[in-house]
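Listed here are the chains, written in short residue letters.
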Amino acid sequence: MKLNKNTATFYVIAPANFASGGPFLMHQLASKLLNMGFKSKMVYIGQQASTDPVHDFYKRFKIPYTNTITDASENIVIFPEIYTGMIYHYKKIHKVIWWLSVDFFLAAIRPKPFSLRRFLGIKPTVCHYDFKKEPLLSHWVQSHYARHFLESKNVTDIYNLSDYLDAIFIDKLKRKSFTNQNKSNRIVYNPKKGYNETLELIRKAPLLDWVPIANMTPSQVRQLLLSAKIYIDFGNHPGKDRIPREAAMCGCIIVTNKKGSANFAEDIPIPDKFKIDYIPGKERNIIDLLEHCFTAYENEVQHFDTYRKKIEQEEAVFNDDLAKIITTFFD
């Protein structure tokens, strides 16, 4: 049964007052739906009556929010993968799981001390999902890694819906040239991802200029990445990560491992020589590559031109994919 655009409401789920890559994408989606003329509301999980559930970083989207989801067949609710168990609370509404992170889902259903589930205050039933086909349920995937994961679980109702970078990483950078004159022999890394591996590299090459991304606004992150020649990421790559794309747009050479989405050329389309498995005791191989990138920067950075062009086109691809998905719901 097709829905009526004039009466349908999209409910988009996100953790309350929490800023990270996943919640940003949920707000980005809700904002896009509003701009398309649909009724779209955020629903915040873990909200306390005395606390504003909207993180300051998302107030610019100006998305209305509600504490109540109307479980009616004319509406649609969109859950990120960490809240999969909530689909069982609703019987009539059309349900969507947007798979932004495979690894966060696995961490949430298999909690360890200080796990994501515990950090966000998620109850076990909120994460539960048995991969049996549910009525009125479809799956959207942000990465090829997520699609591969779902297909391994015999899920078939899958739609591509990735994301796109903030305009400050696109509009101001897509025609910028990168040379040795406007770059330093600097390596930027995210201390929240693959930190143990990165720390060992720092110990083996302490004279190199290593700079973490920590407690920075998007503009500050951009300025840091614009100053550096290399961005490394030896984390898990739970989805199609944002910072490697931001770094590529800022003219950084990207060096990753082959974990998660980094193992898929569709998600991180960079030459194989820049995807290195971290092997304890073999750090010198990585350091040699980094030092080579410093001296041959202008030649090596050209290998990322195709990646940057793909990133520039992501919003247009998002718009097209979302429009195709919308036609499955509406006349």
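Definitions and cut-offs
Residues numbered from 1 in each chain as written. Predicted model: local features only at pLDDT ≥ 70, side-chain atom pairs only at ≥ 80, totals over all residues. Heavy atoms only, no water. Helix = DSSP H or I, 4+ residues; strand = E, 2+ residues; numbered from the N terminus. Buried < 20%, exposed > 50% of the residue type's maximum accessible area, 1.4 Å probe, protein only. Contact = heavy atoms within 4.5 Å. Phe/Tyr/Trp six-rings, centres within 6.5 Å; stacked < 30°, edge-to-face > 60°. Lys NZ or Arg CZ within 6 Å of the ring centre and 35° of its normal. Pairing = 2+ DSSP bridges. Axes fitted to C-alpha atoms, helices over the stretch in contact; angles between N-to-C directions. Salt bridge = Lys/Arg side-chain N within 4 Å of Asp/Glu carboxyl O. Polar contact = N/O pair within 3.5 Å; in protein donor to acceptor, adjacent residues only side chain to side chain. Right-handed = clockwise from strand over helix to strand, strands pointing away.

Caption draft 1: Region of interest: the overall build of the chain. Within the chain, the regular secondary structure consists of 12 helices and 10 strands. Here the chain holds 331 residues, and the buried ones make up 54% of them. Taking contacts inside the chain between residues at least 6 apart in sequence as the whole, the part at least 24 apart equals 68%.

Caption draft 2: Representation of the packing of aromatic side chains. All told, the structure shown has 17 aromatic pairs when counted by the stated rule. Where Phe-24 meets Phe-57, the ring centres are 5.9 Å apart and the plane angle is 40°; that geometry is what we call tilted. With Phe-24 in helix α1 (residues 21-35) and Phe-57 in the loop between β2 (39-45) and β3 (76-80), the pair connects residues that are 33 residues apart, well separated along the chain. On the accessibility criterion, Phe-24 (7% relative accessible area) is buried. You can call Phe-57 partly exposed: its relative accessible area is 29%. Among the aromatic residues, those joined into a cluster by ring pairs are Phe-10, Phe-38, Phe-329 and Phe-330. Seen from the ring of Phe-57, Arg-60 lies directly overhead, with NZ or CZ sitting 5.4 Å from the centre.

Caption draft 3: Molecular detail of the sheet that holds β3. Strand order in the open sheet made by the six strands is β2-β1-β3-β4-β5-β6, with parallel pairing throughout. Every interior strand has two partners, whereas the edge strands, β2 and β6 (158-160), have only one. On average, each strand axis in the sheet is inclined to that of its neighbour by 25°, with strand direction left out of account. Contacting β1 (9-15), β2, β3, β4 (94-99) and β5 (137-141), α1 crosses the sheet at an angle of about 160° to β1. The strands touched by helix α12 (residues 314-327) within the sheet are β1, β4, β5 and β6, with β6 carrying the most contacts at an inclination of about 150°.

Caption draft 4: Quick peek at the pattern of salt bridges. Overall, the coordinates contain 18 salt bridges when judged by the stated rule. The salt bridge partner of Glu-151 is Arg-147, with a shortest N-O separation of 3.4 Å. Of the two residues, Glu-151 and Arg-147 are both situated in helix α5 (residues 144-152); the distance of four residues between them amounts to about one turn of the helix. Salt-bridge contacts for Glu-300 lead to Lys-273; the nearest nitrogen and oxygen are separated by 2.9 Å. Residue Glu-300 is found in helix α10 (residues 297-300), and its partner Lys-273 is found in the loop between β10 (253-256) and α9 (283-295); the two are separated by 27 residues along the sequence. The buried category is assigned to Glu-300, whose relative accessible area is 7%. Salt bridges here are not isolated pairs; linked through shared partners, they connect Asp-163, Lys-240, Arg-245 and Glu-314.

Caption draft 5: Summary view of the side chain of Gln-28. Relative to the elements of secondary structure, Gln-28 occurs in helix α1. Assessed through its relative accessible area of 4%, Gln-28 is described here as buried. At a separation of 2.9 Å, a polar atom in the side chain of Gln-28 contacts the main-chain carbonyl oxygen of Tyr-164. Beyond its immediate stretch of four places on either side in the chain, Gln-28 contacts Phe-61, Asp-163 and Tyr-164.

Caption draft 6: How the structure looks around the pairing of strand β7 (residues 184-189). Taken together, the four bridges between β7 and strand β9 (residues 228-233) define a ladder with parallel strand orientation. From the neighbouring strand, Val-188 faces β9, where its bridge partner is Tyr-231. Two strands pair when backbone bridges link them, and β7 and strand β8 (residues 209-212) are joined in this way by four bridges, in the parallel orientation. Bridge pairing in β8 links Tyr-189 to Pro-212. The handedness of the β7 to β8 crossover, carried by helix α6 (residues 195-204), is right-handed.

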